[in-house]
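Chains, contacts and geometry: an overview
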Amino acid sequence: MDDKKAAILSEIPRLRRYARSLLRDRDSADDLVQDCLERALVRLDNWQTGESPRRWLFTIMHHLFIDQMRKVNRRGEAAMLPLEAGEAQAAPADQVETIASREIMDALQAISPDRRAALVMVAIEGFSYAEAANILGVPAGTLMSRIARGREELRGLLDDTSRRRSIRIVEK
Amino acid sequence: MTRRDFSERDIHMALDGELPGEERMAYDAWLEANPEMKAKSARYIADRAAMRSAFADVMDEPVPARLRQVVLGEAPSKASAWRSRWWLSAAAAVMLAVGGLGGYVAGVDSIARGGEGDDQLAEQAIAAHVTYAAENRHAVEVPASDKDHLQTWLSNRVGLKLVAPDLAAEGFELVGGRLLPAGGQGKAAMLLYEDAKGERISLYVTADSSETSKGTYAAETGGPEAVYWLDKGYACAVVGSLPRERLSDVAKSAYGQLVAGISS
């Protein structure tokens, strides 16, 4: 196996984590990673030696994600997402996720894809503002405002969830 | 020390490691003097910790075979066309139950085709077998020498009372077991056995079946086959490259012991 492929293989866990935070559903997230890897392999020659494989792969995957989000938006399908999407999405119940994890995953899904990507890129994946802005293809100022708004939105959603939860407990 | 006015923007910068080092002390002093901002900062720190921990497990999951295969060029990606549309699911995850059937193991065809759940089970079991049975030192996470722990651990994770069947009568000894992701958010237990000649078979068990069915499943290009059954709320497959008769005998024995174990 050549070095490039080995480097790509070692990035898969991170790509999967990023995809999971963008899409929530495990299989869908892995499909996104697979699309990304397929595209990366076709463009292996575009990858400059010395360029971080992580940045290169994240850029490819982010473009795939955002392109599709835009197409979906143009067709108006995003309108199908009800406001309570987060809750409904948690429907495939499982014992694996803790309640806290599930709530935060759902809340992330409910914020806009642009803000979600910016926030996750910095807060979970640990990219610097400069790196994240580069990967997302936006000016640093835009990145910062997405992060700030994303955090604020996330906080509000989590507060709503815990409020609803306590109401439910009271009703019982 | 530089004196400047701080704002909420700096909370984000500090959190993300973007605040210049020489401003840190002044920032901390500002935070102390502004309880509202301090609370906000603490909350964001907590939310970030929750985000990180929610996704931490993904890093430890075994990489799905289909992703490795893309990079290693081992499998044609002919499944692309019908692979679940991740973006549709992102847009309308609530409406569409997309994604249950990850399109991996291209080129697999079933002999006795049951419902799609069967195929998925058999494909996952075969993929797990192909990936791990070939490993020498890393085939299992918990060795047979620690059988009690193995059984308890896998039972807890998979959500089933699980006993590792004794297949000595069929010539197989337990090597050990590991935990695997199953379709969706499920988890599967894989138990690996080996005979005197080093031939390996695996037993793959998940808890997410509401169907009742059984059959065999094999790749059209050869390779291991699966004998599977779905019953009593669990799904199980025995995978190996044995003659079909022998694989069936092993499966029957394993089935009997699993059922006995579950109802004991």
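What you are looking at is a predicted structure, and each value in this text was computed from that prediction instead of being measured.

**Re the overall build of chain B**
- Within chain B, the regular secondary structure consists of eight helices and eight strands.
- Considering only residue pairs separated by 6 or more positions, chain B has 56% of its internal contacts joining residues 24 or more positions apart.
- On chain B, roughly 12,500 Å² of surface is accessible, and the fraction owed to carbon and sulfur atoms is 51%.

**Looking at the overall build of chain A**
- When helices and strands are counted, chain A shows eight helices and zero strands.
- Listing the helices and strands of chain A from first to last along the sequence gives α-α-α-α-α-α-α-α.
- Classification of the 172 residues of chain A by burial places 51% in the buried group.
- Put simply, of all contacts in chain A between residues at least 6 apart along the chain, 67% involve residues at least 24 apart.
- Working note: accessible area of chain A is about 7,900 Å², and carbon and sulfur atoms make up 51% of it.

**Remarks on helix 1 (residues 8–15) of chain B**
Residues and elements named next belong to chain B.
- Of all eight residues in helix 1, six are buried; the element is thus mostly enclosed.
- Here helix 1 has its buried residues at D10, I11, H12, M13, A14 and L15.
- Of the residues flanking the end of helix 1, it is G17, one or two places downstream, whose phi is positive at about 70°.

**Regarding the nonpolar core**
- Of all hydrophobic cores here, the largest spans 69 residues; its most connected members are Y18, L37, L136 and L143 of chain A together with M51 of chain B.
- Excluding residues within four positions of it along the chain, L143 of chain A makes contact with A118, Y129, A132, A133, L136 and V138 of chain A.
- Grouped together as the second largest cluster of nonpolar side chains are 30 residues, L203, V238, L247 and A251 of chain B included.

**Brief notes about the environment of A251 of chain B**
All names here are of chain B.
- By the element assignment, A251 lies in helix 8 (residues 244–263).
- Assessed through its relative accessible area of 4%, A251 is described here as buried.
- C-alpha of A251 to C-alpha of E170: the two residues are 81 residues apart in sequence and 10.0 Å apart in space.

**Overview of the pattern of salt bridges**
- Per the counting criterion, the structure on display carries 21 salt bridges over all chains.
- Here D31 of chain A and R66 of chain B are joined by a salt bridge, their closest N and O atoms 2.5 Å apart. With one member in each of two chains, D31 of chain A in helix 2 (residues 26–42) and R66 of chain B in helix 4 (residues 65–72) form a pair that bridges those chains.
- Here R66 of chain B falls in the buried class, since its relative accessible area comes to 6%.
- When salt bridges with common partners are traced through the structure, they connect R16, R20, R26 and D30 of chain A together with E61 of chain B into a single cluster.

**Notes on unusual backbone geometry**
All names here are of chain A.
- The backbone of R24 sits at a positive phi, close to 75°, despite the residue not being glycine.
- If you trace the backbone, R24 turns up in the loop between helix 1 (3–23) and helix 2.
- Using a relative accessible area of 7% as the deciding quantity, one classes R24 as buried.

**Quick look at helix 7 (residues 129–136) of chain A**
Residues and elements named next belong to chain A.
- Every buried residue of helix 7 is listed here: Y129, A132, A133, I135 and L136. Looking straight down helix 7, one finds its buried side chains confined to an arc of 165°; they lie on one side.
- Downstream of helix 7 by one or two residues, G137 has phi in the positive range, about 70°.

**Notes on the environment of V239 of chain B**
- With respect to the helices and strands, the residue V239 of chain B is situated in strand 8 (residues 234–240).
- Excluding residues within four positions of it along the chain, V239 of chain B makes contact with A125, I126, H129, R200, I201, S202, P224, E225, A226 and L247 of chain B.

**With respect to the confidence of the model for chain B**
Residue and element names in this part refer to chain B.
- For chain B, the average pLDDT comes to 78, and 73% of its residues sit at 70 or higher.
- By mean pLDDT, strand 1 (residues 108–109) is the weakest element of chain B at 30, and helix 3 (residues 35–56) is the strongest at 95.
- Note that pLDDT drops below 50 for residues 76–115; the model gives that stretch 84 contacts with residues more than four away or on any other chain.

**Quick look at the confidence of the model for chain A**
Residue and element names in this part refer to chain A.
- Averaged over every residue, the pLDDT of chain A is 81; residues scoring 70 or more account for 80%.
- Across chain A, helix 6 (residues 113–123) holds the top mean pLDDT of 95, while helix 4 (residues 85–89) sits lowest at 39.
- Within the model, pLDDT remains below 50 along residues 75–95, and this stretch shows 29 contacts once partners closer than five positions in the same chain are excluded.

**Points about the pairing of strand 7 (residues 225–231) of chain B**
Residues and elements named next belong to chain B.
- Extensive coverage of strand 7 is indicated by the burial of seven of its seven residues.
- Going residue by residue along strand 7, you find E225, V227, W229 and D231 tucked away on one face and A226, Y228 and L230 tucked away on the opposite face as well.
- Relative to strand 8, strand 7 runs antiparallel, the two being bridged by seven bridges. The residue bridging D231 from the neighbouring strand is Y234, located in strand 8.

**Brief notes about the side chain of E103 of chain A**
- Take E103 of chain A: it is sitting in helix 5 (residues 99–110).
- Once residues within four sequence positions are removed from consideration, E103 of chain A is found in contact with L158, T161 and R165 of chain A.

**Describing the environment of A164 of chain B**
All names here are of chain B.
- Among the structural elements, A164 can be located in the loop between helix 7 (147–158) and strand 3 (173–181).
- By relative accessible area, A164 is classed as buried at 7%.
- Between the C-alpha atom of A164 and that of A254, which follows or precedes it by 90 residues, the distance is 8.4 Å.
- In contact with A164, other than residues within four places in its own chain, are K147, Q151, L174, L191 and Y193.

**Some details on the packing of helix 1 of chain A against helix 6 of chain A**
Residue and element names in this part refer to chain A.
- Running from N to C, helix 1 and helix 6 cross one another at 145°; their axes reach a closest spacing of 10 Å. With respect to the hand of their crossing, helix 1 and helix 6 are arranged in right-handed fashion. Residues Y18, S21 and L22 of helix 1 form the contact with helix 6, whose participating residues are R116, A117, V120 and M121.
- Within the contact of helix 1 with helix 6, the residues separate by chemical class into five nonpolar, one polar and one charged.

What counts and how
- Within each chain, residue numbers correspond to sequence positions counted from 1 in written order.
- All chains are assigned letters beginning with A, and all ligands numbers beginning with 1, in the order in which they are written.
- Local features in this predicted model are restricted to residues whose pLDDT is 70 or higher, and side-chain atom pairs enter the listing and the counts only when it is 80 or higher, whereas totals over whole chains, interfaces and linings include all residues.
- The side-chain figures draw on all heavy atoms in the structure; neither hydrogens nor water molecules are used.
- Helix numbering and strand numbering both begin at the N terminus, where a helix is a DSSP run of H or I of at least 4 residues and a strand a DSSP run of E of at least 2.
- Note on contacts: a residue pair is in contact if any heavy atoms of the two residues lie within 4.5 Å.
- Calculation of accessible area relied on Shrake-Rupley with a 1.4 Å probe; when residues are assessed, cover is drawn exclusively from the protein chains displayed.
- The classification of residues rests on relative accessible area computed with a 1.4 Å probe and restricted to protein chains. Under 20% of the type maximum is buried, over 50% is exposed, and intermediate values are partly exposed.
- In this description, a nonpolar core means a group of buried Ala, Val, Leu, Ile, Met, Phe, Trp, Tyr and Cys residues linked to one another through side-chain atoms lying within 4.5 Å.
- A pair is scored as a salt bridge if a Lys or Arg side-chain nitrogen falls within 4 Å of a carboxyl oxygen belonging to Asp or Glu.
- As used here, the arc belongs to the directions running from the helix axis to the C-beta atoms.
- A score from 0 to 100, pLDDT tells how confident the predictor is in each residue.
- DSSP bridges decide pairing: two strands pair if at least two such bridges lie between them.
- For helices, the axis comes from a line fit to the C-alpha atoms of the stretch in contact; other axes are also lines fit to C-alpha atoms, and the angle between any two N-to-C directions lies between 0 and 180 degrees.
- In this scheme the handedness of a crossing depends on how the near helix is turned from the far one: anticlockwise by less than a right angle means left-handed, clockwise means right-handed.
- For this classification, Asp, Glu, Lys and Arg are treated as charged, while Ala, Val, Leu, Ile, Met, Phe, Trp, Tyr, Cys and Pro are nonpolar and the rest, including Gly, are polar.

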